Amino acid sequence: MVEPEDRTLALRGWSYPLPPGEPQRVTLRLNGAPLATLPLSTAPESFRLEVAAERFVAGENRLELVPARRLERPGEPAWATGWDLVRFDSRAAPAPPRFEPDGTLLLPARSALALALELPAGSWLAWERLHGAGGGWLEVGIEVDGEAPRALPAPTSGRLALTPGDGALVELALRARGGGEVRLEGARIHSPGMAPGMAPDIAPDAGASPMPAPARPPNLVLYVIDTLRADHLGAYGYPLPTSPAIDAFAREGVLFRAARAQSSW
């Protein structure tokens with residue numbers, strides 16, 4: 001969340017059938033503090049809760065749904081509740097960030113631009129000019145793989161170090177704070193040893209030409225499997241014969257030992 005604001009929490013859930021006793025109740029905690037307690041029956045029910053801005057924090061917020069009762073059986077996970085909707089609705093959604101024709105990044109109030117980058121040690125973010133209107137100012141959120149996240153106010157010009165580690169995955173967030181818009185001109189990512197003038201611009205290249213169509217279809221096979229663990233495949237060292245066909249296919253191609261995805265799905 002860029003700027004805390006009043007929001008509406010929408011939920012839809014039900015209790016799993018439990019032995020006779022007290023009815024199922026679920027305690028909601030937001031950022032560790034009690035928010036509400038909801039009664040649940042075995043039939044799906046919808047709820048809407050108004051949540052004041054002071055209950056939120058800038059950045060990551062954590063919502064917990066803690067059931068009072070669980071059905072536990074040996075060798076099985078505990079059964080308690082089911083949910084098919086948990087959503088915070090903004091009462092006034094911010095306008096999205098946008099790049100102007102000259103490459104200037106415009107961040108309307110309460111908006112943010114997030115990037116995930118793999119950077120060498122000593123990399124930094126530089127910009128030519130930063131301007132805030134209507135009381136707006138820029139906050140730079142930096143989260144390096146394996147380290148606690150940082151949130152830093154950005155100076156009007158200069159540079160900001162991004163990562164101390166070599167080849168670290170960096171999650172970078174540019175956030176407009178304070179209620180007004182922010183304009184960032186000439187923002188670029190620099191790395192050690194990079195030749196002058198070669199730093200990549202974070203703005204999209206509006207003048208880039210589209211890639212030409214290939215002369216023939218690519219030789220590509222996409223094999224999609226749900227809930228598959230790499231450490232249970234022979235190609236990745238698992239000793240049992242769980243995946244002979246996949247192992248044979250891997251021996252004929254290129255096997256990636258490490259990869260990163262933007263999202264788990």
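In short, a report on the structure. Note that the structure is a prediction, hence the values are computed from the model and not measured. (Residues numbered from 1 in each chain as written. Predicted model: local features only at pLDDT ≥ 70, side-chain atom pairs only at ≥ 80, totals over all residues. Heavy atoms only, no water.)

**Quick notes on the overall build of the chain**
So, point 1. When helices and strands are tallied, the chain shows one helix and 17 strands.
So, point 2. Counting across all 265 residues of the chain, residues that qualify as buried make up 29%.
So, point 3. Pairs at least 24 apart in sequence give 71% of the contacts found in the chain among residues at least 6 apart.
So, point 4. If you sum the accessible surface of the chain, you get close to 17,200 Å²; carbon and sulfur atoms cover 55% of it. (Helix = DSSP H or I, 4+ residues; strand = E, 2+ residues; numbered from the N terminus. Buried < 20%, exposed > 50% of the residue type's maximum accessible area, 1.4 Å probe, protein only. Contact = heavy atoms within 4.5 Å. Areas by Shrake-Rupley, 256 points an atom, 1.4 Å probe, with all protein chains shown as cover.)

**Quick notes on the packing of aromatic side chains**
So, point 1. In this structure the tally under the stated criterion is two aromatic pairs.
So, point 2. Ring centres 5.0 Å apart and planes at 70° place the aromatic pair Tyr 16 and Trp 79 in the edge-to-face group. Taken as a pair, Tyr 16 in the loop between strand E1 (7-15) and strand E2 (24-30) and Trp 79 in the loop between strand E5 (63-67) and strand E6 (81-90) lie far apart in primary sequence, 63 residues in all.
So, point 3. Judged by centre distance (5.4 Å) and plane angle (80°), the ring pair of Phe 56 and Phe 88 falls under edge-to-face. A residue pair is termed long-range when its members are at least 10 positions apart, and Phe 56 in the loop between strand E4 (45-51) and E5 and Phe 88 in strand E6 qualify at 32 residues. (Phe/Tyr/Trp six-rings, centres within 6.5 Å; stacked < 30°, edge-to-face > 60°.)

**What about the sheet that holds E6?**
So, point 1. Overall, antiparallel pairing links the three strands, which are arranged E4-E1-E6 in an open sheet. Across the chains shown, the open sheet's two edge strands, defined by having one partner strand only, are E4 and E6. Shown here is a sheet whose adjacent strand axes are inclined to one another by a mean of 20°, direction ignored.
So, point 2. Looking at chain direction, E1 and E4 are connected through seven bridges and run antiparallel. (Pairing = 2+ DSSP bridges. Axes fitted to C-alpha atoms, helices over the stretch in contact; angles between N-to-C directions.)

**Some thoughts on the sheet that holds E2**
So, point 1. Strand order in this open sheet of three strands is E3-E2-E5, and the pairing throughout is antiparallel. What marks the edges here is a single partner per strand, and that holds for strand E3 (33-40) and E5. Averaged over all neighbouring strand pairs, the angle between strand axes comes to 20°, with direction disregarded.
So, point 2. Where E2 and E5 come together, five bridges link them in antiparallel fashion. Looking at the pairing, Leu 28 lines up with Leu 65 of E5.

**So, the pattern of salt bridges**
So, point 1. What the rule picks out here adds up to 12 salt bridges.
So, point 2. The partner of Asp 89 in a salt bridge is Arg 48, with the nearest N and O atoms 3.7 Å apart. Within this pair, whereas Asp 89 is found in strand E6, its partner Arg 48 is found in strand E4, the two being separated by 41 residues in sequence.
So, point 3. We classify Arg 48 as exposed; its relative accessible area is 54%.
So, point 4. Residue Arg 177 pairs with Glu 139 through a salt bridge whose shortest N-O separation is 3.0 Å. Remark: Glu 139 occurs in strand E12 (residues 137-144) and Arg 177 occurs in strand E15 (residues 168-177); sequence separation between them is 38 residues.
So, point 5. We classify Glu 139 as buried; its relative accessible area is 10%.
So, point 6. What emerges from the salt-bridge pattern is a single network uniting Glu 5, Arg 7 and Arg 110. (Salt bridge = Lys/Arg side-chain N within 4 Å of Asp/Glu carboxyl O.)

**A few points about the side chain of Gln 24**
So, point 1. Inspection of the secondary structure puts Gln 24 in strand E2.
So, point 2. A polar side-chain atom of Gln 24 sits 3.3 Å from the main-chain amide nitrogen of Ala 68.
So, point 3. Apart from residues lying up to four places away in sequence, Gln 24 is in contact with Ser 15, Leu 18, Leu 38, Pro 39, Leu 40, Pro 67, Ala 68, Arg 69, Ala 80 and Thr 81. (Polar contact = N/O pair within 3.5 Å; in protein donor to acceptor, adjacent residues only side chain to side chain.)

**Considering a nonpolar patch on the surface**
So, point 1. Together, Val 221, Tyr 223, Ile 225, Leu 228 and Phe 249 make up an exposed nonpolar region whose accessible area comes to about 560 Å².
So, point 2. Residue position: Val 221 is located in the loop between strand E17 (188-190) and helix H1 (244-252).
So, point 3. Using a relative accessible area of 56% as the deciding quantity, one classes Val 221 as exposed. (Patch = residues over 30% accessible without salt bridge, like charges linked within 9 Å, V, L, I, M, F, W, Y side chains within 5 Å.)

**Structural notes on the nonpolar core**
So, point 1. The biggest cluster of nonpolar side chains holds 24 residues, and the ones touching the most others in it are Leu 107, Trp 127, Leu 138, Val 140, Ile 142, Leu 174 and Leu 184.
So, point 2. Breaking this core down by element, the ones donating at least two residues are strand E8 (105-107), strand E9 (112-119), strand E10 (124-127), E12, E15 and strand E16 (182-185).
So, point 3. Among the elements that line this core, the one with the most residues is E15, at five residues.
So, point 4. By size, the runner-up hydrophobic cluster in this structure holds 12 residues, among which are Val 26, Phe 47, Val 51 and Phe 56. (Core = buried A, V, L, I, M, F, W, Y, C linked by side-chain atoms within 4.5 Å.)

**Comments concerning the side chain of Thr 81**
So, point 1. Examined against the element boundaries, Thr 81 turns out to sit in strand E6.
So, point 2. Only 3.0 Å separates the side chain of Thr 81 from the side chain of Trp 83, close enough to count as a polar contact.

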